[in-house]
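Residue-level structural notes
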Amino acid sequence: MFYKFNNMAGRIAAATQQAAFRPEGVLPLAQTEAPPLIFAQPVKTAGADVQVYGGKAPMVKNKVPEMQQIFQKPSSTLLYVKRGGLDTIMYRGTMGLVLVGVVYAIFGLFQAMRPKQNEGE
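Residues numbered from 1 in each chain as written. Predicted model: local features only at pLDDT ≥ 70, side-chain atom pairs only at ≥ 80, totals over all residues. Heavy atoms only, no water.

Attention now goes to the overall build of the chain. When helices and strands are tallied, the chain shows three helices and two strands. When the helices and strands of the chain are placed in sequence order, the string is β-β-α-α-α. Buried residues in the chain amount to 2% of all 121 residues. At a minimum sequence separation of 6, the contacts of the chain that also span at least 24 residues come to 0%. Taken as a whole, the chain presents about 12100 Å² of accessible surface, with 63% of it coming from carbon and sulfur. (Helix = DSSP H or I, 4+ residues; strand = E, 2+ residues; numbered from the N terminus. Buried < 20%, exposed > 50% of the residue type's maximum accessible area, 1.4 Å probe, protein only. Contact = heavy atoms within 4.5 Å. Areas by Shrake-Rupley, 256 points an atom, 1.4 Å probe, with all protein chains shown as cover.)

Right, here's the structure in full:
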């Protein structure tokens, strides 16, 4: 015996094997064409094709190709300090703020753990 869910009644009802395993019925096999490959076209490099809107050149220069050249150069420096001193300062400042936040969170946890003492006693 086979069963399927009846949407109208909201219950399980008896059904044939074909209806139980394919509730929408047997559909004929439709022959479809394969979609075109997405990556079949050649890849454009960043900034190679600047679109001009309204006859004006863009007001901001595209820095992506320059940054790609800087970050893709093989060197022994770490990725987050490749551009020099300002990156080093920003990295160390961020890590310092993270450390202060972790210490403050641990301090808050210890304050919440300890019971409060009444001043009147």
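With that settled, consider a nonpolar patch on the surface. Residues M95, V98, V102, I106, F110 and M113 make up a contiguous nonpolar surface patch of roughly 570 Å² in combined accessible area. By the secondary structure assignment, F110 is in helix α3 (residues 85-113). (Patch = residues over 30% accessible without salt bridge, like charges linked within 9 Å, V, L, I, M, F, W, Y side chains within 5 Å. Salt bridge = Lys/Arg side-chain N within 4 Å of Asp/Glu carboxyl O.)

Inspection of the secondary structure assignment puts A14 in strand β2 (residues 11-15). When neighbours within four sequence positions are excluded, A14 is seen to be in contact with M1, F2 and Y3.

So, on to the pairing of strand β1 (residues 2-6). The sheet contact formed by β1 and β2 spans five bridges and is antiparallel. When the bridges of β2 are listed, F5 appears paired with I12. The hairpin formed by β1 and β2 contains four residues between the paired strands, and G10 there has a positive phi angle of roughly 75 degrees. (Pairing = 2+ DSSP bridges.)

Note on placement: D87 falls in helix α3. For D87, a relative accessible area of 15% puts it in the buried group. A polar side-chain atom of D87 sits 3.3 Å from a polar atom in the side chain of R83. (Polar contact = N/O pair within 3.5 Å; in protein donor to acceptor, adjacent residues only side chain to side chain.)

Right, let's get into the pattern of salt bridges. Counting across every chain of the model gives two salt bridges. Residue E66 pairs with K61 through a salt bridge whose shortest N-O separation is 2.7 Å. When its relative accessible area of 59% is taken as the criterion, K61 is described as exposed. A salt bridge links D87 to R83; the nearest nitrogen and oxygen atoms lie 3.3 Å apart.

On average, residues of the chain score 79 in pLDDT, and 73% of them reach the 70 mark or higher. The spread of mean pLDDT over the elements of the chain runs between helix α1 (residues 17-21), the lowest at 70, and α3, the highest at 95. (pLDDT = per-residue confidence, 0-100.)

This part takes up the side chain of K82. One can find K82 in the loop between α2 (64-72) and α3. At 2.8 Å, the side chain of K82 and the backbone oxygen of K73 are in polar contact. Those residues in contact with K82, other than ones at most four positions away along the chain, are I70, F71, K73, S75, T77 and D87.

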